[in-house]
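Structural characterization, general
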Amino acid sequence: MNLKIGIVGLPNVGKSTLFNALTNAGALAANYPFATIEPNVGIVPVPDERLDKLAEMYETEKKVPATVEFVDIAGLVAGASKGEGLGNKFLAHIRECQAICHVVRAFLNDDIVRADQEVETDILKQAKDDIDIINLELQLADDETKEKIAAKRKKDPADENIPFLTDKPVIYMFNVDENGLVDEELKTKLKALVEPAEAIFVNAKLEEEMSDMNRTERKEFLESYGVKDDALGELIKAAYSTLGLQSFLTAGKKEVRAWTIKKGATAPEAAGTIHTDFERGFIAAEVMKYDDLVELGSEQNVKSAGKLATVGKTYIMEEGDIVEFKFNVSK
């Protein structure tokens, strides 16, 4: 399945800077409202160290990670749903996404202009105000959509399945300063503002500095600030958790690959993410656990240890399953 996340936030909260860091897409990150007029789109690989190990074991250079598509959506302001700022251009772009990542400013800096021109002295109040503005605009947009649907149904009672914006899961990405990254008291208070939604904490400027670093360099750089993972890693984990997703793996001499599926997916449903014929003609699947393969050293050793299972249509996929599907499609 394709994972698509819309990144929203008021102007000048660090949204486009973070989008650049996530995707290296070079979006304009100017210090004025509406620097992002049309959505910038970036498709990036999901970091997965298991693919490196599998590529080594299967002696292949082709590694195909799962991907996530990020959409940097035009900055919103109070009144956007009624035409203020860039108006409601954002609506269609958000509707296409499975989840919303709401970037929230959680630092004090008088040099960076707030969209409402206010000078804030309270980080928590500033964050709450910004969250409330975006939530209100999404709610107002949904109210307008509901009115249009109601009017249309008077003429045509056929039911429509409209994905309302406020029904979409939200991940809150708080853009904090360097001190905020390790300020556990502040992070606890910010988390409380958005519970039960997922909250992650990043520093946009540090992320920007790491844009040309590899994964190892990034890890070492972040550890010097007491941080375990970069914004991409944190957001991917939060998105998988929020949307109930997991990965399974396929491996061979041709390629090693990660695939994204919903938790609870059956073996045939997982097969269908590779090709619809795999699901339609599903016979069985041979499954082994990634950890077993790494521990035992080869497929043959896994098989000899009795840890290579042949499963049927009712098998529920688990995180880290390495799978070979058996199928037959009659002409």
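Remember, it's a predicted structure, so these values are computed and weren't measured experimentally.

1. Focus on the overall build of the chain
Check the secondary structure of the chain and you find 13 helices and 12 strands. Here the chain holds 331 residues, and 46% of them are scored as buried. Sequence-distant contacts, at least 24 apart, represent 69% of the contacts inside the chain between residues at least 6 apart. With the model as given, the accessible surface of the chain reaches about 17,000 Å², and the carbon-plus-sulfur share is 49%.

2. What about helix 4 (residues 123-155)?
With 33 residues, helix 4 should cover 48 Å at 1.5 Å per step; its first-to-last C-alpha distance of 49 Å lies within 8% of that length. Considered for burial, the residues of helix 4 that qualify are Ile123, Gln126, Ala127, Asp130, Ile131, Ile134, Glu137, Leu138, Ala141, Asp142, Thr145 and Ile149. The backbone nitrogen of Leu124 has a side-chain oxygen 3.0 Å away, supplied by the residue at the start of helix 4, namely Asp122.

3. Focus on the nonpolar core
With 72 residues, the main nonpolar core has Phe70, Met173 and Phe174 as its most contacted residues. Counting residues per element, this core draws most heavily on helix 9 (residues 231-243), at 8 residues. Leaving out residues up to four positions away in the same chain, Phe174 has contacts with Val104, Ala106, Ala127, Ile131, Leu190, Val194, Ala199, Ile200, Phe201 and Val202. One finds Phe248, Ala285, Val311 and Val323 within the second-largest nonpolar core, a separate group that totals 15 residues.

4. Let's talk about the packing of helix 4 against helix 6 (residues 184-194)
Interhelical geometry of helix 4 versus helix 6 gives an angle of 25 degrees and a closest axis separation of 11 Å. The angle between helix 4 and helix 6 falls in the class roughly parallel. Handedness of the crossing formed by helix 4 with helix 6: right-handed. Contact residues: helix 4 offers Ile123, Leu124, Ala127, Lys128 and Ile131, while helix 6 offers Leu186, Lys189, Leu190, Leu193 and Val194. Of the residues belonging to the contact of helix 4 with helix 6, the class tally is 8 nonpolar, no polar and 2 charged.

5. A few points about the packing of aromatic side chains
Tallied over the entire structure, the rule returns 6 aromatic pairs. One aromatic cluster in this structure is built from Phe248, Trp259, Phe282 and Phe325. Its end group placed over the ring of Phe164, Lys146 keeps NZ or CZ at 5.1 Å from the ring centre.

6. A word on empty space enclosed by the protein
Here the structure, examined in full by the defined rule, presents 2 cavities of 30 Å³ or more. Taken as a whole, the largest cavity encloses approximately 60 Å³ of empty space. Taken together, Leu181, Phe201, Val202, Asn203, Leu206, Glu207, Leu222, Val227 and Asp229 make up the full set of residues lining the largest cavity. When its residues are assigned to classes, the lining of the largest cavity shows 6 nonpolar, 1 polar and 2 charged.

7. Quick look at the confidence of the model for the chain
Here the chain averages 86 in pLDDT, while 85% of its residues score no lower than 70. Ignoring residues within four places in sequence, the model shows residues 25-37, a span with pLDDT below 50, making 36 contacts including any to other chains.

8. Some words on the environment of Glu96
Along the chain, Glu96 turns up in the loop between helix 3 (90-95) and strand 5 (99-105). Separated by 67 residues in sequence, Glu96 and Pro163 have C-alpha atoms that sit 8.9 Å apart. Separated by 3.3 Å, the side chains of Glu96 and Lys4 make a polar contact.

9. Quick notes on the environment of Asn12
Here Asn12 lies in the loop between strand 1 (3-8) and helix 1 (15-23). Among the residues examined, Asn12 registers a relative accessible area of 13% and is labelled buried. Taking C-alpha positions, Asn12 is 9.7 Å from Val104, a pair spaced 92 residues apart along the chain.

10. So, the layout of surface pockets
Roughly 1,100 Å³ of volume is contained in the largest pocket. What lines the largest pocket is a set of 40 residues, and nearest its centre among them are Val46, Pro47, Asp48, Glu49 and Arg215. Looking at the lining of the largest pocket, the elements that each hand over two or more residues are helix 1, strand 2 (40-45), helix 2 (49-57), helix 8 (215-223), helix 9 and strand 8 (245-251). No other element matches helix 9, which puts 7 residues into the lining of the largest pocket.

About the cut-offs
- Residues numbered from 1 in each chain as written.
- Predicted model: local features only at pLDDT ≥ 70, side-chain atom pairs only at ≥ 80, totals over all residues.
- Heavy atoms only, no water.
- Helix = DSSP H or I, 4+ residues; strand = E, 2+ residues; numbered from the N terminus.
- Buried < 20%, exposed > 50% of the residue type's maximum accessible area, 1.4 Å probe, protein only.
- Contact = heavy atoms within 4.5 Å.
- Areas by Shrake-Rupley, 256 points an atom, 1.4 Å probe, with all protein chains shown as cover.
- Expected span 1.5 Å × (residues − 1).
- Polar contact = N/O pair within 3.5 Å; in protein donor to acceptor, adjacent residues only side chain to side chain.
- Core = buried A, V, L, I, M, F, W, Y, C linked by side-chain atoms within 4.5 Å.
- Axes fitted to C-alpha atoms, helices over the stretch in contact; angles between N-to-C directions.
- Parallel < 35°, antiparallel > 145°, perpendicular 65-115°, else oblique.
- Left-handed = near helix turned anticlockwise from the far one by under 90°.
- Nonpolar A, V, L, I, M, F, W, Y, C, P; charged D, E, K, R; others polar.
- Phe/Tyr/Trp six-rings, centres within 6.5 Å; stacked < 30°, edge-to-face > 60°.
- Lys NZ or Arg CZ within 6 Å of the ring centre and 35° of its normal.
- 1 Å grid on protein atoms, 1.4 Å probe; cavity = no way out; pocket = protein on both sides within 12 Å on 5 of 7 lines; lining within 4 Å.
- Points joined across faces, edges and corners; volume = space filled by probe spheres on them.
- pLDDT = per-residue confidence, 0-100.

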